[in-house]
Amino acid sequence: MGGRINTIMQTCFFAISGVLPRDEAIEQIKKAIKKTYGKKGDAVVQQNFAAVDGSLEHLHEVKYPNKVTSTIHRLPPVADNAPEFVKEVLGPIIFAHGDKLPVSKMPVDGAFPTATTQWEKRNIALEVPVWDPTACAQCGKCAIVCPHAAIRQKVYDPALLDKAPATFKSTDAKGYKEFPGAKFTVQIAVEDCTGCGLCVESCPTKAKGTLTMAPQVPLRETEPANWDFFMSIPDPDRSKVSQGTVKGSQLLRPLFEFSGACAGCGETPYVKLLSQLFGDRALIANATGCSSIYGGNLPTTPWAKNAEGKGPSWANSLFEDNAEFGLGMRLTADKQHEYACELAKLLADKIGAELCEALVNADQKTEAGIAAQRARVAELKAKLEGDEDPKAKELLSLADAFVKKSVWILGGDGWAYDIGYGGVDHVLASGRNVNILVLDTEVYSNTGGQASKSTPRAAVAKFAAKGKELPKKDLGYIAMTYGYVYVGHVAIGANDAQTVKTFLEAEAYDGPSLIIAYSHCINHGINMRNGLAQQKLAVDSGLWSLYRYNPDKIALGENPLTIDSKEPTKDVVEYAYNENRYKQLLKLDEARAEALMKKAVKDVQKRNTLYKQLADLDYSMSKED
Ligand SMILES: Cc1ncc(C[n+]2csc(CCOP(=O)(O)OP(=O)(O)O)c2C)c(N)n1
Ligand code: SF4
Ligand code: SF4
Ligand code: SF4
């Protein structure tokens, strides 16, 4: 039963408290288990019964002294080397002593620092991964799937190893042409890892023992120092990294780390990837839902900063207006850029005609182009610093607007398919350059798993207690009908390379983009360690096809739709009955479960036939001269 201890604690309480006669209490507990978990299947009921019997068997009295003699103390809520504000304000809040904080400790403008989850050191994992470099393929797969950014990789100058702790592991970097002669390390933040095991499951060389789970406590002796050393190694130059590959993308520093999402969460790897690929240029509008809660809860913040102290800008408005909120960010960034260009032209004599022309017409399609623009902005700032001319002051305040901004609007399916759908549609139709990322768990996850229009037929959810009667809404297809919206359908556990490619293409597309990302979730009733395998099964069974609809191809006379997944090789039923959300209906009403499942299989076949036909359409007449 993993970390679930309620049944065990309840049994022990009634066995020793005498509140009820022991046998009667145990009988009632078992009755309650049947009632509570019956819907989840016999296996879950039996597991709970076994937990009750096992608890009684192992229950024994522990004699303890009546005086405290131990010298072991609770760990402080935040690390010792944390900044003062983190120690004096965030620490007491974490410790549930927030009420004792004087108002004078609060920042006068209410601004709390970001990048503070790193100081929390929750130490919640019983087991964490251990890396053996011998057979490591240096593929990046472990790092890309980690929901908590707790396993990372770096390539670096071998000379840096001179100051490495004795237990720090490294090997020669392989397959990084852009970093010849470099060393390579996979490092785990054992105090931040949740022990979900997804990294081990994703490792192509796990059979050779490259990543194995081991008890966390002994590793606390060595790994924190190794982590600190690893973090002190400079991040590689972004413009040198091959960002379009999984391997390359994982050299980019995540600016979203150690969130409080469930262990093994299927949403957070996408959020983290976004932070890696677009870094401090990202402006993020976050709908209410799991992503706003693990992304913006106090006291600590997982949104982080790069070595220059810059990170993504993030804000949460409302569940119902997030797409519009993000569109506002786009309009603002565009207006600021336009006004900065006007001012630069007005002040061309002062800042130099050449710099002005380069700033205004910069090509920022590549990371190198962006780096060059940042250097120009620094030059501009240096020239304007101290200039009392009101126009110069204004331009100085707007200088950063010259660097291309990447607007991301994100949230769950409850937001995108249902409550915020009007806004999503409006923003897609606006034609503006925004990227919408739907973290599709197929239920309202944050409020306990209510059905949304994304919930597939036959799945049980709250408000669909007898299995959802109707099929899943096809948001991707609706968006494709515009013809000018980039649409990507991804599942990182099934094809991580396609996910990276889709994120980059969506961002590069100069118009609205929509990415729908399969996100496994505790609400699916799975062992979360199998989340990636379930994603793969969803794709292999045809239930979740992978595709990219790129409108840029239309003008070339090419079909915009590329289907990246192969013909189904697995059965939808196999996928579905691995999950309690489907399986529980078999218990409840077998005939209905079978009838709905039959229809659900048809839904998949019909949708895939439609996509195939769409991908076969001839677009030659759309070719523009
Ligand atoms: C208008 C409105 N209705 C309901 C809520 C309560 N609420 C907060 S989060 C949430 C669920 C979000 O589900 P989803 O969009 O699927 O995101 P997930 O939690 O699955 O990531 C709900 C119903 C709200 N905040 N605002
Ligand atoms: S066990 Fe989970 S949290 Fe820990 S490093 Fe692996 S993927 Fe990340
Ligand atoms: S997934 Fe395995 S082989 Fe690939 S980088 Fe990670 S540890 Fe190495
Ligand atoms: S409820 Fe689901 S989506 Fe939300 S944090 Fe947990 S696993 Fe992730």
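Residues numbered from 1 in each chain as written. Chains lettered and ligands numbered in written order. Predicted model: local features only at pLDDT ≥ 70, side-chain atom pairs only at ≥ 80, totals over all residues.

Across its full length, the chain carries 24 helices and 15 strands. Its C-alpha atoms put the chain at 90 × 65 × 50 Å along the principal axes. Looking at the chain as a whole, 42% of its 625 residues qualify as buried. At a minimum sequence separation of 6, the contacts of the chain that also span at least 24 residues come to 74%. (Helix = DSSP H or I, 4+ residues; strand = E, 2+ residues; numbered from the N terminus. Buried ≥ 20, exposed ≤ 12 C-beta atoms within 10 Å, placed from the backbone. Contact = placed C-beta atoms within 7 Å.)

Before going further, it helps to spend a moment on the domain arrangement of the chain. Buried accessible area, meaning the area lost when the parts come together, often serves as the stated size of an interface. For the chain, the assigned domains read domain 1 (6-58), domain 2 (114-252), domain 3 (334-402) and domain 4 (442-622). On the side of domain 4, 12 residues touch domain 2, which itself brings 13 residues to the contact. At the level of elements, α5 (141-145), α6 (198-202) and α9 (246-249) are the ones that each hand at least two residues to the side of domain 2 that touches domain 4. In the side of domain 2 that touches domain 4, the residues fall into 5 nonpolar, 6 polar and 2 charged. (Domains from an automatic or database assignment. Nonpolar A, V, L, I, M, F, W, Y, C, P; charged D, E, K, R; others polar.)

Take the sheet that holds strand β3 (residues 171-172) next. Across the sheet, which stays open at both edges, the 3 strands sit in the order β2-β4-β3 with antiparallel pairing between neighbours. Each edge of the sheet is formed by a strand with only one pairing partner; in this case those strands are β2 (151-156) and β3. Both β3 and strand β4 (residues 183-188) contribute to a ladder of 2 bridges, which runs antiparallel. Bridge pairing links T171 to F184 in β4. With respect to the sheet, helix α8 (residues 223-232) is in contact with β2 and β4, its orientation differing from that of β4 by roughly 130°. (Pairing = 2+ DSSP bridges. Axes fitted to C-alpha atoms, helices over the stretch in contact; angles between N-to-C directions.)

This paragraph deals with the site of ligand 4. The environment of ligand 4 is made up of A261, C262, C265, E267, C290, Y294, T441, S445, N446, C521, I522 and N523. For the shell around ligand 4, the class distribution of residues is 7 nonpolar, 4 polar and 1 charged. (Near = placed C-beta within 6 Å.)

Before going further, it helps to spend a moment on the site of ligand 1. Near ligand 1 you find 20 residues, and of these G289, G412, G414, S445 and N446 are the closest. Put simply, the parts of the chain that give the shell around ligand 1 at least two residues each are α11 (290-296), β8 (406-412) and α17 (413-419). Looking at side-chain class alone, the shell around ligand 1 contains 6 nonpolar, 11 polar and 3 charged residues.

Once that is clear, we can look at the sheet that holds β8. Paired through their backbone hydrogen bonds, the strands of a sheet run either parallel or antiparallel. Taken together, 8 strands build an open sheet; the order of strands is β7-β6-β8-β9-β13-β12-β14-β15 and the sheet is mixed. Each having just a single partner strand, β7 (313-316) and β15 (561-563) make up the two edges of the open sheet. Ignoring which end each strand starts from, the neighbouring axes of this sheet average 15° apart. As paired elements, strand β9 (residues 435-440) and strand β13 (residues 513-518) share 6 bridges and run parallel to each other. Bridge pairing in β13 links V438 to I516.

With that settled, consider the packing of helix α1 (residues 6-17) against helix α2 (residues 22-37). Contact geometry for α1 and α2: axes closest at 9 Å, N-to-C directions at 160°. It follows that α1 is roughly antiparallel to α2 by the angle criterion. Both α1 and α2 take part in a crossing whose hand is right-handed. Contact with α1, carried on its side by T7, Q10, T11, F14 and A15, involves R22, A25, I29 and I33 of α2 and no other residues of that element. The class makeup of the residues in the contact of α1 with α2 is 5 nonpolar, 3 polar and 1 charged. (Parallel < 35°, antiparallel > 145°, perpendicular 65-115°, else oblique. Left-handed = near helix turned anticlockwise from the far one by under 90°.)

With that settled, consider the nonpolar core. By size, the foremost hydrophobic cluster in this structure holds 120 residues, and its most contacted members are L274 and L437. A domain-level breakdown of this core finds at least three residues from each of domain 2 (114-252) and domain 4 (442-622). The contact partners of L437, leaving out residues within four places of it in the chain, are Y270, L274, W408, L410, I515 and A517. If you look at the next biggest cluster of nonpolar residues, it comprises 13 residues, including A340, L380, L384 and L395. (Core = buried A, V, L, I, M, F, W, Y, C linked by C-beta atoms within 7 Å.)

A cis amide bond links L298 to the next residue, P299, at an omega of 5°. Inspection of the secondary structure assignment puts P299 in the loop between α11 and β7. Even without being glycine, E442 reaches a positive phi, approximately 65°. If you trace the backbone, E442 turns up in the loop between β9 and β10 (443-444). On the basis of neighbour counts, which here come to 27 C-beta atoms within 10 Å, the residue E442 falls in the buried class.

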